[in-house]
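The residues making up each chain are set out below.
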Amino acid sequence: MPPSSPRRVLVSGAGIAGSALAYWLGRHGFDVTVVEKTASAPAHGRGHVVTLGEAGREVAERMGLLPALRAAHVGQRLTTRLDATGEVRETVRPVGGELRVRRGDLLAALRAALEGSAEILAGDSVATLDDDGEAVHVAFDSGDFRTYDLVIGAEGPHSNTRRLVFGPERPFHHYSGQVFAGFSLPNDFGLAHETVEWEAPGRRARLTAYGPGEPAHACLTLTREDPPYTVFGDPWAQRELVRGYFPEQVWHLPRLMRAMWRADDLHVDVVGEIRIRAWSHERFALVGDAAWGGSLLAGEGAGKALAGAYVLAEELGPGGAHEGAFARYEERLRAGAEKLPPPRG
Ligand SMILES: Cc1cc2nc3c(=O)[nH]c(=O)nc-3n(C[C@H](O)[C@H](O)[C@H](O)COP(=O)(O)OP(=O)(O)OC[C@H]3O[C@@H](n4cnc5c(N)ncnc54)[C@H](O)[C@@H]3O)c2cc1C
């Protein structure tokens with residue numbers, strides 16, 4: 001790498017894209033810091049299940065993660081669909097062959113791969129960014145202050161560094177007309193490697209469980225004309241909103257509502273897409289859901305996050321001007337993030 005090339009990189013967000021990017025930048029010889037607002041380490045066996053897709057699997061293989069991910073694979077034997085009265089409408093047996101892992105297991109594997117090749121600032125967040133043309137001066141919420149050559153925003157759809165550089169989220173977020181609520185609950189339902197899905201017009205409740213003794217995961221979706229932005233700062237208002245859409249005393253809905261009330265990992269969000277004209281500005285770039293976050297219902301965000309991180313690191317890797325690397329990264333990704341080219345060199 002030429003001596004004038006950027007060397008010190010701050011990655012904001014140690015999720016799927018941020019962890020993979022930090023790994024690959026470390027491999028390319030960069031001095032990498034990752035700042036992650038969550039203080040605790042990723043928890044095995046927690047979170048929604050993601051399918052990696054072809055590109056994600058390829059990146060995972062190049063990182064040597066496949067053995068750990070295969071061990072964490074969660075098989076799905078059956079999906080049972082219920083109508084609004086709770087009667088069985090159909091049962092579906094999936095074809096199989098996909099690599100499906102819980103987000104917590106994927107993050108734990110990525111974090112283990114990253115060990116020793118990046119500094120992780122857990123429980124902190126970027127407060128301000130000041131690009132003086134030569135470097136980016138970063139102030140953290142903790143009061144720490146550091147200087148980097150490049151900063152990459154990888155904090156998911158509600159990226160705070162994107163807000164600092166490009167402005168508020170609203171113009172970039174395209175609401176799809178749905179809200180979702182996800183949370184874990186004890187598997188008292190006798191479910192094993194299966195999903196039960198209750199559906200009524202404009203509303204759906206999915207309950208999924210895998211091994212015995214592991215928590216079940218609920219995902220509720222509801223259709224709503226206006227995005228309920230006002231409830232997002234208030235976890236109790238979120239619960240009230242969701243509960244109002246599922247008043248029926250059928251199937252396990254009353255139990256799901258009680259469990260949602262008590263859940264310590266409830267995640268309520270709008271479903272939508274991030275559309276932004278450029279993914280970089282001067283010494284700053286975006287990767288993962290922060291750049292192209294799509295509807296979670298499309299089910300391919302994890303693979304795209306891994307592929308995007310890989311391509312960005314590969315373009316920055318040889319050194320040279322970061323502007324050209326950012327432009328080539330964006331061009332390649334916009335042309336089809338799901339097709340991962342063979343490694344360079
Ligand atoms: C319910 C649900 C189901 C899904 N199902 C699937 C599926 O089946 N298949 C699939 O491929 N994808 C699925 N996805 C999408 C997938 O999880 C995302 O596309 C993927 O996680 C995007 O990776 P990312 O690294 O961009 O963001 P994330 O993985 O969300 O990581 C962002 C990281 O940034 C951190 N962060 C946030 N704010 C800050 C801050 N201010 N400072 C520092 N750190 C911060 C977060 O704590 C997190 O660690 C699903 C998503 C949801 C919500």
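Reference entry: report on the structure contained in this document.

Analysis parameters
Residues numbered from 1 in each chain as written. Predicted model: local features only at pLDDT ≥ 70, side-chain atom pairs only at ≥ 80, totals over all residues. Heavy atoms only, no water. Pairing = 2+ DSSP bridges. Helix = DSSP H or I, 4+ residues; strand = E, 2+ residues; numbered from the N terminus. Near = heavy atom within 4 Å. Polar contact = N/O pair within 3.5 Å; in protein donor to acceptor, adjacent residues only side chain to side chain. Areas by Shrake-Rupley, 256 points an atom, 1.4 Å probe, with all protein chains shown as cover. Nonpolar A, V, L, I, M, F, W, Y, C, P; charged D, E, K, R; others polar. Buried < 20%, exposed > 50% of the residue type's maximum accessible area, 1.4 Å probe, protein only. Contact = heavy atoms within 4.5 Å. Core = buried A, V, L, I, M, F, W, Y, C linked by side-chain atoms within 4.5 Å. Salt bridge = Lys/Arg side-chain N within 4 Å of Asp/Glu carboxyl O.

Read from one edge to the other, the open sheet built from six strands follows the order S7-S2-S1-S11-S18-S17, with strand pairing classed as mixed. Strands with a single pairing partner mark the edges of an open sheet, and in this sheet they are strand S7 (119-122) and strand S17 (280-281). Across two bridges, the pairing between S17 and strand S18 (residues 284-286) is antiparallel. Paired with Ser280 across the strands is Ala285, a residue of S18.

A separate point is the site of the ligand. Around the ligand, a shell composed of 29 residues is seen, among which Ala17, Glu36, Arg103, Asp289 and Ala302 lie nearest. Within the contact set of the ligand, a nitrogen atom lies 3.2 Å away from a backbone nitrogen or oxygen of Lys37. Here an oxygen atom of the ligand sits 3.1 Å away from a polar atom, N or O, in the main chain of Gly301. Summarising the interface, the protein chains cover 85% of the accessible area of the ligand, which totals 990 Å² for the free molecule. The set of elements that each furnish at least two residues to the shell around the ligand consists of helix H1 (16-27), strand S2 (31-36), strand S3 (49-51) and helix H9 (301-316). Here the shell around the ligand is composed, by residue class, of eleven nonpolar, eleven polar and seven charged.

Let us look at the pairing of strand S11 (residues 150-153). Of the two faces of S11, the one holding Leu150 and Ile152 and the one holding Val151 and Gly153 are both buried throughout. Pairing of strand S1 (residues 8-12) with S11, which is carried by four bridges, proceeds in the parallel orientation. Paired with Ser12 across the two strands is Gly153, which belongs to S11. Note that S11 and S18 share three bridges and pair parallel.

Moving on, we get to the side chain of Thr161. Relative to the helices and strands, Thr161 is located in helix H5 (residues 160-166). Judged by relative accessible area, which is 0%, Thr161 ranks as buried. Here the side chain of Thr161 touches Glu155 through a polar contact of 2.8 Å, side chain to side chain. Among all residues touching Thr161, those that are not within four sequence positions of it are Ser12, Val126, Leu129, Gly153, Glu155 and Phe284.

Right, let's get into the nonpolar core. Leu21, Leu25, Leu52, Leu69, Leu110 and Val287 are the most contacted members of the largest nonpolar core, which has 67 residues in total. It is H9 that provides the largest number of residues to this core, a total of nine residues. Apart from residues no more than four positions distant in its own chain, Leu25 is found in contact with Val9, Val11, Phe30, Val32, Ala313 and Leu316. With 32 residues, the next largest nonpolar core counts Leu82, Val179, Ala200 and Met257 among its residues.

This brings us to the pattern of salt bridges. A complete count under the given rule lists 18 salt bridges for this structure. Notably, a salt bridge pairs Arg8 with Asp149, separated by 2.8 Å at the nearest N-O pair. Remark: Asp149 occurs in the loop between strand S10 (145-148) and S11 and Arg8 occurs in strand S1; sequence separation between them is 141 residues. On the basis of relative accessibility, which here comes to 31%, the residue Arg8 falls in the partly exposed class. Its relative accessible area of 12% is what places Asp149 among the buried residues. A single network of salt bridges, built from pairs that share partners, joins Arg81, Glu90, Glu197 and Arg206.

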